[in-house]
Structures are given as structure tokens and as C-alpha cells.
Amino acid sequence: MIRFLNVCFEHAPGKGIRNINFAIRRGEFVLLVGPTGAGKTTILRSIYLELRPKSGQILIEDKFQRNDKLTDVAEMRQKIGIVFPEARLLKDRTIFENVALPLQIAGFKRREMHLQVNKALFQFGLQDRAQSYPAELSSGEQKKAAIARALVVRPFILLADEPLANVDFDASVEVLEHLQRINSEGMTILAATHVPNPYQGIAHRILYLKNGSLSEKP
Amino acid sequence: MTLNFIISEALNGLRKSSLHTFVSVAAVTLAVLFISTFCYTIFNLKEATDNLLEGLEVQAFIALSVLSEQHESIKTGLLALDDRWQVTYISREAAAQEFAAEFDPDLFNVLDENPLPASFKIQLPSAAMNPVYLQAVTENILALDGIDDVIYDRDLLEMLSAARQKAAAVGAVVALVVVLLAMGVTVNALRLKLYAQQEAFHMMQLLGATLRTIHTIIWMQGTILGLAGGILGTWLTGVIAWLLQLQLPSELAVETPFLPVFILIGVLMTTLCSFFAIRRFLTI
């Protein structure tokens, strides 16, 4: 489903990723582990085409990715769910509006959009918070809303960058339960974290990243 | 991507950051007010000088030795010089009556003979009124047989011509400054609005919106702001003109033709400023 072939990217001298090779199969839950600055976010950003590798190739759904045609980039992003370390919900929009945004961008009809948003909010237990603004939600609820936004368009993969960052213990347990559930329903997940312990028993595979290089062992 | 999304996002953005929307509309209103006030000031000044120039007449006096039967042929000669002229014949008797009425009714009782010559009053188109043209006209008329003298208010003409030239030169500079100022105010307001929405636009882009869609949203917001500011600015111009008219005597009319054009100017200016703001300030 996703394959990195000798991918290199350098955003500062000596900083970036080097000769990254890995593959993720459909339905897998892969954990990308490494300290801050190891290159986890760089790999995720390369997948959603915010960064262009200096060398190497990225295959997504058996297609080589090039981010020189902007409409192709936009189309690809509509098929990828992204969760950021901070929830990054738009402060001046309700939770309903935030979750509806990807559907609006994808051109869903109003009725279908309402249906999908309500379904997503229900799945994450946020149906009563639909008309609340992000600031009125706890950090855990914000993170769940961010995951709901990422999943509402039914992407083929969920990229989660530090999905447990900025949430308390109870909320992180809840977020992990949701990630496990959606993975068991068939969603492919690539999560980046510097603390792998909470994911034990949930992630199928762990890729260790250190100083921009990848290994399957810590 | 649907047009619905673009329109709803454009309106949403305006509604959500209402303070920036208010500032932007105020800026466009001010800009339109600047431009319209300037245009109408120039227009009304030109109308006023045109009116003064329309009252300016050239008078060609016929030599006393010319027989009255020959006066008609002189008139034909005058009209042959320029068919836009309105030529009115003043006979010696009419001139005497006019003089007596204006100065001394008993004057011609004292004099044995009417000393005043017959003449032609020539009304020239105001657009042709300038010292160089009038000098040429004078020479051409004097060259006609039977014309003794040609007079006109040279001082008034020279004063008005000089004033017009100065107004045109100063007006061009002021117009440039006004337009630049108006655009500067508008671009600045749009810049603030853009910064306020930068995060939303970046998120849209990450969620699959094309850059073109985001540009269209910003452009549409600019157009809506331009329309609102244009309508307000135009309405205020109308109100100011009406208030000014109340203060002025009725002979001095404050004219505001083609007022709705300024709505269009507001829209065009803001659209142009939106394109500039997108290129200059959008950093997604």
C-alpha cells in the first residue's frame, strides 16, 4: 500500500532522513518510533506530499508520488487521514464544522455530509459536542474530534503524528481504544511517537528511527 | 470541488472574522469615498469653468463706413470661419438702445448722431475657449472685410485657462496619490484579514483543497468586501453631495453623474488588491 524506496530528505545539513526503505500493507497498524528530531514527522509529511524527497521514490497504492502537479496532491490528500500532534481544530468553527470540512472540500452533498459527520461524531462519542467550539472541549475530546475529522472521508490510511500528545492518561486510553477499533475495522494506520509503550499489543509492527535512519530493532 | 464550498467558505470567513470584515469594508468605503470625492470635485470644477467660459463672448465691430446691406455678407463670412459659432447681429440702433438702458437714457438726446457701430456677438463652444485659439480667431475675424475691431474678456479667459492647466497638473498628481492611498488602505485591510484566516487556509490545503480553490475563496471574499464597501462609499458620496447642495445657492448645482460606477470601482479595486494580497501575503 505504501512503499518507501531509498527515500532521502535533508531539511538542514545533517538533519533529515536517509535511505529510508519500508512498506506498509493494507490493514496494518505500524508504529514509527524515534526521539524528537529523528525524522518521524518528515516521513509522514512526505506521505501526504507536504515535503518532496531529495531522492528515492514513494509509492502510494502502487503509484509513484510526485508533488509537482498541485491538483494530484490535493486529490491524494483527500484520500489520506491526518492527525497532528496538536489537534489543530479551527478555533472559530464548531466541532461539526471542523469534522465536516474534509467532506466539503471533497464536494459531498449537504445531506450526505450531515450523515457522515453525525456518524463520525457518534463513533467518537462527540454527538453532544457537535455545536461546541474546540476551546470548550477537553484535550482528549479535541484529539478525538481531530481523528473523526481525519476519518470522515474514509481515507485508505490514517497518519497519526503523536496521537497521544497533549492528552491526559484517561483520554489517551480512550484514543488508543478508538485507534484499535478503527484498525480492527480495516483501517491502515501509521502512527509516529517517541513513547511506544502505550501501543504495546495494539501496533502490529514497530519501525525505529534514529538520526534519520530506519531499523526494525531499537 | 464545488462552487458551493467556495461560496460558503467565502461567506463563512467574512462572518467568522467579523472585526476584520468590518475593518476591510470600512477601508474600501473610505477608498471609494476618496476616489469619488476627488472625481466629483474635478468634474464640478470643470463644469463651473465651462459655465464661465460659455458666458464669454467675442464681439466683432463693423466699420461705420460699411453699408448695412453688406452686413449679411460679413455674417456669412464669419460662419464660414467656423460653423460651430452662434453669431448674433446687433444693429447700431439696438446697440444704442442697450447702451442707453445701461448707462444714460438721455445720452442720445444730446448727441446728434449715434456713434456706436453695428456688431456681431459670437458665442464659441466652451471646449474651444483658450487664449491661443481666441488669438487666432481674432486675427481671422479682423482679416474679414468690413470688420473694424474684435474684443473679448482676455483677462478672464487667461485666468480660467491658467487655472484649468494648474488643476489638470495638480489633479493628475492628486489622483495618483488618492488611488495609491486607497489601494494601500485596502491591501492592508485584506492583509490583516488574510493573516486571520491563514491557519484555516493551511488546514484546508492539508485536507485536500487546491491552492486555486483557496485563491478563489480569497478572491471572492475580496469581491464581496468590494461590493459592500463600494455600495457604502457610493451612498456616502451621494449623501455628502446632497448635504453640500443644501448649503449652496440653487444656481450652483453639485452634479454627481454615473454614481453607481463607483460601486464597480470598489469591486474592481478590491479584486485587484485581493490578487496582490494573495501573491504577497499568503504563505501556505
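Residues numbered from 1 in each chain as written. Chains lettered and ligands numbered in written order. Predicted model: local features only at pLDDT ≥ 70, side-chain atom pairs only at ≥ 80, totals over all residues. Heavy atoms only, no water.

A.B. asks: For this particular structure, what's the right way to read the interface of chain B and chain A?
C.D. replies: One frequent convention defines the size of an interface as the accessible area lost when the parts assemble. Listed per partner, the contact involves 20 residues of chain B and 21 residues of chain A. Summed over both partners, the interface of chain B with chain A comes to about 1900 Å²; 60% of that surface belongs to carbon and sulfur atoms. Summed over the three residues of chain B that lose the most area to chain A, namely K16(B), L206(B) and L207(B), the buried surface amounts to 36% of that side. Linking chain B with chain A are three salt bridges, by the criterion used here. Between E199(B) and R88(A) there is a salt bridge, and its shortest N-O distance comes to 3.6 Å. Scanning the region where chain B abuts chain A turns up seven residue pairs in polar contact (both at pLDDT 80 or more). Of all the secondary-structure elements, those providing two or more residues to the side of chain B that touches chain A are α1 (3-16) and α7 (154-206) of chain B. Per-element accounting of the side of chain B that touches chain A gives the leading share, seven residues, to α7(B). Tallied by class, residues from the side of chain B that touches chain A come to nine nonpolar, seven polar and four charged. (Contact = heavy atoms within 4.5 Å. Buried area = accessible area lost by both parts, 1.4 Å probe. Salt bridge = Lys/Arg side-chain N within 4 Å of Asp/Glu carboxyl O. Polar contact = N/O pair within 3.5 Å; in protein donor to acceptor, adjacent residues only side chain to side chain. Helix = DSSP H or I, 4+ residues; strand = E, 2+ residues; numbered from the N terminus. Nonpolar A, V, L, I, M, F, W, Y, C, P; charged D, E, K, R; others polar.)

A.B. asks: What is the right way to read the nonpolar core from this model?
C.D. replies: Within soluble globular proteins, side chains that are nonpolar tend to cluster in buried spots. With 69 residues, the main nonpolar core has F4(A), I43(A), I47(A), I80(A), L190(A) and M204(B) as its most contacted residues. Element by element, the count of residues in this core is highest for α7(B), at 10 residues. Ignoring any residue separated from it by four or fewer positions in sequence, one finds M204(B) in contact with R93(A), L101(A), I105(A), F5(B), E9(B), A209(B), I214(B) and I217(B). (Core = buried A, V, L, I, M, F, W, Y, C linked by side-chain atoms within 4.5 Å. Buried < 20%, exposed > 50% of the residue type's maximum accessible area, 1.4 Å probe, protein only.)

A.B. asks: What am I meant to see in helix α4 (residues 92-102) of chain B here?
C.D. replies: The periodicity of an α-helix, 3.6 residues per turn, causes residues three or four places apart in sequence to face the same way. All names here are of chain B. Taken together, the buried positions of α4 are occupied by A95, A96 and A100. One side of α4 carries all its buried residues, which in axial view fall inside an arc of 130°. Across α4 from its buried face, at more than 90 degrees, point the exposed residues Q97, A101 and E102. (Arc of directions from axis to C-beta.)

A.B. asks: How should the domain arrangement of chain A be read in this particular structure?
C.D. replies: All names here are of chain A. One can read the domain layout of chain A as domain 1 (1-79 + 155-218) and domain 2 (88-154). Taking the mean C-alpha position of each, domain 1 and domain 2 sit 23 Å from one another. Of all residues in domain 1, the largest losses of buried area upon contact with domain 2 belong to Q78, P155 and H178, amounting jointly to 39% of the total for that side. At the boundary of domain 1 and domain 2, one finds one salt bridge. Two residues, K144 and E174, come together in a salt bridge whose shortest N-O distance is 2.6 Å. (Domains from an automatic or database assignment.)

A.B. asks: Any chance you could explain a nonpolar patch on the surface here in plain terms?
C.D. replies: Residue and element names in this part refer to chain B. On the surface, a cluster of nonpolar side chains totalling about 400 Å² of accessible area is made up of L19, F22, V23 and L192. In terms of residue count, the dominant contributor to the nonpolar patch is helix α2 (residues 18-54) (three residues). Assessed through its relative accessible area of 60%, F22 is described here as exposed. (Patch = residues over 30% accessible without salt bridge, like charges linked within 9 Å, V, L, I, M, F, W, Y side chains within 5 Å. Areas by Shrake-Rupley, 256 points an atom, 1.4 Å probe, with all protein chains shown as cover.)

A.B. asks: I'm lost on the sheet that holds strand β2 (residues 15-24) of chain A in this one. Help?
C.D. replies: Residue and element names in this part refer to chain A. The four strands are arranged β2-β1-β4-β5 in an open sheet whose pairing can be described as antiparallel. Strands with a single pairing partner mark the edges of an open sheet, and in this sheet they are β2 and β5 (63-64). Bridging between strand β1 (residues 2-12) and strand β4 (residues 55-60) involves five bridges; their strand directions are antiparallel. By the bridge assignment for β4, C8 is matched with S55. Packed on one face of the sheet, helix α1 (residues 40-47) meets β1, β2 and β4 and runs near 120° to β1. (Pairing = 2+ DSSP bridges. Axes fitted to C-alpha atoms, helices over the stretch in contact; angles between N-to-C directions.)

A.B. asks: Help me understand the packing of aromatic side chains, please; the structure alone is not making it clear to me.
C.D. replies: By convention here, two paired aromatic rings are described through the distance between centres and the angle between planes. All names here are of chain B. Going through the model one piece at a time under the given rule, you end up with eight aromatic pairs over all chains. Plain terms: the ring middles of Y195 and F281 are 6.3 Å apart, the flat faces sit at 75° to each other, and that makes the pair edge-to-face. You can see Y195 sitting in helix α7 and its partner F281 sitting in helix α9 (residues 261-281), a full 86 residues away along the chain. Note on Y195: relative accessible area 40%, which makes it partly exposed. On the accessibility criterion, F281 (13% relative accessible area) is buried. (Phe/Tyr/Trp six-rings, centres within 6.5 Å; stacked < 30°, edge-to-face > 60°.)

A.B. asks: Teacher, can you tell me more about the sheet that holds strand β3 (residues 119-123) of chain B here?
C.D. replies: Across a sheet, paired strands are connected by hydrogen bonds in the backbone, their directions being either parallel or antiparallel. Residue and element names in this part refer to chain B. As summarised here, the arrangement of the four strands in space is β2-β3-β1-β4, forming an open sheet in which the pairing is antiparallel. Both edges of this open sheet fall to β2 (86-90) and β4 (147-151), since each of them pairs with a single strand only. In this sheet, adjacent strand axes meet at a mean angle of 20° when their direction is disregarded.

A.B. asks: What is the right way to read the pairing of strand β1 (residues 57-62) of chain B from this model?
C.D. replies: All names here are of chain B. Of all six residues in β1, five are buried, a share of seventy percent or more. When β1 meets β3, the two strands line up antiparallel, connected through five bridges. Across the sheet, V58 pairs through a bridge with I122, a residue of β3.

A.B. asks: Just to check I follow, could you spell out the domain arrangement of chain B for this structure?
C.D. replies: Domain boundaries in chain B define domain 1 (3-51 + 160-281) and domain 2 (57-152). The distance between the C-alpha centroids of domain 1 of chain B and domain 2 of chain B comes to 53 Å.

A.B. asks: What's the story with the pattern of salt bridges in this structure? I'm lost.
C.D. replies: Where charged atoms from two side chains of opposite charge come close, those side chains can pair. Overall, the coordinates contain 14 salt bridges over all chains when judged by the stated rule. A salt bridge links E97(A) to K16(B); its shortest N-O distance comes to 3.1 Å. Remark: K16(B) occurs in helix α1 and E97(A) occurs in helix α3 (residues 95-106); the pair is interchain, linking two chains. Each of the salt bridges in this network shares a partner with another, and the network as a whole consists of R25(A), E28(A) and R205(A).

A.B. asks: Is there a simple way to think about the packing of helix α6 (residues 131-142) of chain B against α7(B) in this case?
C.D. replies: The axes of two packed helices give the description: the angle between them and the distance between them. All names here are of chain B. Their axes nearest at 10 Å, the elements α6 and α7 cross at an angle of 150°. Relative to α7, the element α6 lies roughly antiparallel. The residues of α7 that touch α6, namely those facing P131, L134 and Q135, are R154, L157, E158 and S161. (Parallel < 35°, antiparallel > 145°, perpendicular 65-115°, else oblique.)

A.B. asks: Looking at this structure, how should I read the environment of G186(A)?
C.D. replies: Looking at the secondary structure, you find G186(A) in the loop between α6 (169-184) and β8 (188-193). Along the backbone, G186(A) and S138(A) are 48 residues apart, and their C-alpha atoms lie at a distance of 28 Å.

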